[in-house]
Amino acid sequence: MKLYSTRNRQHIVDLETALFQSLPPDNGLYMPCQLPVLSTSDLKQMVAGDFQDIAFRLSQAYLHDEVDANSLRRMVDEAFCFEVPLVRLGDRRFVLELFHGPSLAFKDIGARFMSRLMAYFLEKRQRTVHILVATSGDTGGAVALGFHRVPGIQVIILFPSGKVSPLQEKQLTTLGDNIRTLEIEGSFDDCQRLVKQAFLDHTLNQRLVLASANSINIARLIPQSFYYFHAWAQLQRLGISKAPVFSVPSGNFGNLTAGVFAQRMGLPVQHFVAATNVNDEVPQYLQTGIFSPRPSIQTLSNAMDVGNPSNFQRLSELFDHDVEQMRKRITGYAFNDIQTLGEIERIAKEEQYIVCPHTAIASLGLNAYFHDHPSDAPGVFLATAHPGKFANIYPEALRKLRYWPSLPETTTALLQRHKQAIRMPNDFETFKTFLLSL
Ligand SMILES: *Cc1c(COP(=O)(O)O)cnc(C)c1O
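Residues numbered from 1 in each chain as written. Predicted model: local features only at pLDDT ≥ 70, side-chain atom pairs only at ≥ 80, totals over all residues. Heavy atoms only, no water.

Caption draft 1: Focus on the sheet that holds strand E1 (residues 2-5). Ordered by their spatial adjacency, three strands build an open sheet running E2-E1-E3, and the pairing between neighbours is antiparallel. The outermost strands of the open sheet, each flanked by one partner alone, are strand E2 (8-14) and strand E3 (30-32). Taking each pair of neighbouring strands and ignoring which way they run, the sheet shows an average axis angle of 40°. Here three bridges tie E1 to E3, and the two strands are oriented antiparallel to one another. When the bridges of E3 are listed, Leu3 appears paired with Pro32. (Pairing = 2+ DSSP bridges. Helix = DSSP H or I, 4+ residues; strand = E, 2+ residues; numbered from the N terminus. Axes fitted to C-alpha atoms, helices over the stretch in contact; angles between N-to-C directions.)

Here it is in structure tokens:
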């Protein structure tokens, strides 16, 4: 598999380089030169498979040149040690539950696959890497749990102080071993800036092998294309053959970019909805043709509080930087916190199902799209986090409902553990000194 930089199509690298370098030196983003394209019979064979089988087939299509089939099978089975069920809420209304991994958020899927892929190459090369991750909440948890005790890997997580939920904070700060956590006095964008600056810093890169686990790493995006196929396969098994509309709750736009990958690989998709909270740069772009990043605004769906979505470059690249092309495939909608809470209550009352705030936004996006474009296509909205992670924002009455989902025991046990984090000002020199001391 070859990849190029979005800033320079002549800059071409192999997968291992893109995996460990994360960002090309020209500050673009790596993109596959070619996505594998599946035939109709490849698709048909997927219908009967479970998530692990589908993931194995697709990862082979992507990676057959660099990883042998046995290692891939092991990688997939280890990374995806949980199910990804499609739950039916109405005749044509479905929710794809992506939150059954150890951090209870969909980022487990990308992070766990990437950690195994890195471990595969590190073992071959006998190397050590330092992974830097900026997180608005869920990425860090998924990376910490996905990389915990993986040999050859040291992880440094940066999170914005006071801006993640209590459970997210425990996931980020209680593992220890090869996981170090920095609590930054600033916003998620500040954390992301510190990490980006570190990757461009000459001294740091001479002294350490730095790698990223953010959604900018291509190895996170590849496995995220798998579950779109899995959702489609489940619809086929229910006898629903029409191509679905997918509504994707978006922040850094890795999830949606992976959805577009899946479509380019041959998956039948009617349309995508880019659903955001009030951090609505991409819905605005789709309306006006102008992309203007802004400082992020804090909302209830905090994993989507992103003012300058890093995968926008990739998404734009996929449509030749032509907003008209993008509009044909993607419609954007943005919602505020009041609408989010209203949708959580509506779904609970009318569909006896509890969603997290991110997922509520995806549901609102799907409803808005079908309102504006009536059709009999099935609609699938992606559930990106377990609702129990955000219990503090739900009204008491909802939390008492019979169908309120409880958290797995492994997660509640974390709440008893002791927080270990280093508080740090939003200052690059301080961060750099810390890294050089490792
Ligand atoms: C990260 C995250 C999102 C946004 O996903 P992107 O790929 O960054 O667009 C949505 N919901 C949850 C729960 C998340 O953790």
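Caption draft 2: Representation of the site of the ligand within the structure. Lys107, Asp138, Gly251, Asn252 and Thr384 are the nearest of the 15 residues found near the ligand. The separation between an oxygen atom of the ligand and a polar main-chain atom of Gly251 is 2.8 Å. Here Gly254 contributes a backbone N or O atom positioned 3.1 Å from an oxygen atom of the ligand. For the ligand, whose unbound accessible area comes to 380 Å², protein coverage reaches 98%. Taken atom by atom, the bulk of the ligand overlaps the largest cavity. Taken together, the residues of the shell around the ligand break down into six nonpolar, seven polar and two charged. (Near = heavy atom within 4 Å. Polar contact = N/O pair within 3.5 Å; in protein donor to acceptor, adjacent residues only side chain to side chain. Areas by Shrake-Rupley, 256 points an atom, 1.4 Å probe, with all protein chains shown as cover. 1 Å grid on protein atoms, 1.4 Å probe; cavity = no way out; pocket = protein on both sides within 12 Å on 5 of 7 lines; lining within 4 Å. Sits in = over half its atoms within 2 Å of the grid points. Nonpolar A, V, L, I, M, F, W, Y, C, P; charged D, E, K, R; others polar.)

Caption draft 3: Highlighting the side chain of His386. Mapping His386 onto the fold places it in the loop between strand E13 (379-383) and helix H18 (396-399). When residues no more than four places from it in sequence are discounted, the contact partners of His386 are Phe99, Leu104, Cys356, Pro405, Ser406, Leu407 and Pro408. (Contact = heavy atoms within 4.5 Å.)

Caption draft 4: Structural view of the nonpolar core. Ranked by size, the top nonpolar core spans 99 residues in total, and within it Phe80, Leu117, Ile131, Tyr227, Phe229 and Ile330 carry the most contacts. Considering every element that reaches this core, the biggest residue donor is helix H5 (residues 107-125), with nine residues. Once residues lying within four places of it in the same chain are set aside, the contact partners of Ile330 are Leu256, Val260, His271, Phe272, Ala274, Leu286, Leu315 and Phe319. (Core = buried A, V, L, I, M, F, W, Y, C linked by side-chain atoms within 4.5 Å. Buried < 20%, exposed > 50% of the residue type's maximum accessible area, 1.4 Å probe, protein only.)

Caption draft 5: The environment of Glu345, seen in detail. Within the secondary structure, Glu345 sits in helix H16 (residues 337-351). Taking the C-alpha atoms as reference, Glu345 lies 26 Å from Asn252; in sequence the two are 93 residues apart. Residues within four places of Glu345 in sequence aside, it is in contact with Pro395 and Leu398.

Caption draft 6: Quick look at H16. Between its first and last C-alpha atoms H16 spans 20 Å; for 15 residues at 1.5 Å apiece the expected length is 21 Å, and the two agree. Regarding H16, the residues found buried are Thr340, Glu343, Ile344, Ile347, Ala348 and Glu351. Angular distribution of buried residues about the axis of H16 spans 130°; they occupy a single face of the element. In H16, those exposed residues whose orientation departs by more than 90 degrees from the buried face are Ile338, Lys349 and Glu350. Turning to H16, the residues buried within the fold contact strand E5 (93-97), helix H17 (357-372) and H18. Between a side-chain oxygen at the N-terminus of H16 and the backbone nitrogen of Ile338 the separation is 3.1 Å; the capping residue is Asn336. One or two residues past the end of H16 sits Gln352, with phi positive at roughly 50°. (Expected span 1.5 Å × (residues − 1). Arc of directions from axis to C-beta.)

Caption draft 7: Fine view of the sheet that holds strand E14 (residues 422-425). Pairing in this open sheet of five strands is parallel, and the strands run E9-E6-E7-E8-E14 from one edge to the other. Here the strands that pair on one side only, and so sit at the sheet edges, are strand E9 (210-212) and E14. Within the sheet, the average angular offset between the axes of one strand and its neighbour, ignoring direction, is 30°. Both strand E8 (residues 179-185) and E14 contribute to a ladder of four bridges, which runs parallel. Bridging across to E14, Ile184 finds its partner in Met424. Across the sheet, helix H20 (residues 428-436) lies against strand E6 (129-134), strand E7 (153-160), E8 and E14, angled at about 140° from E14, the strand it touches most.

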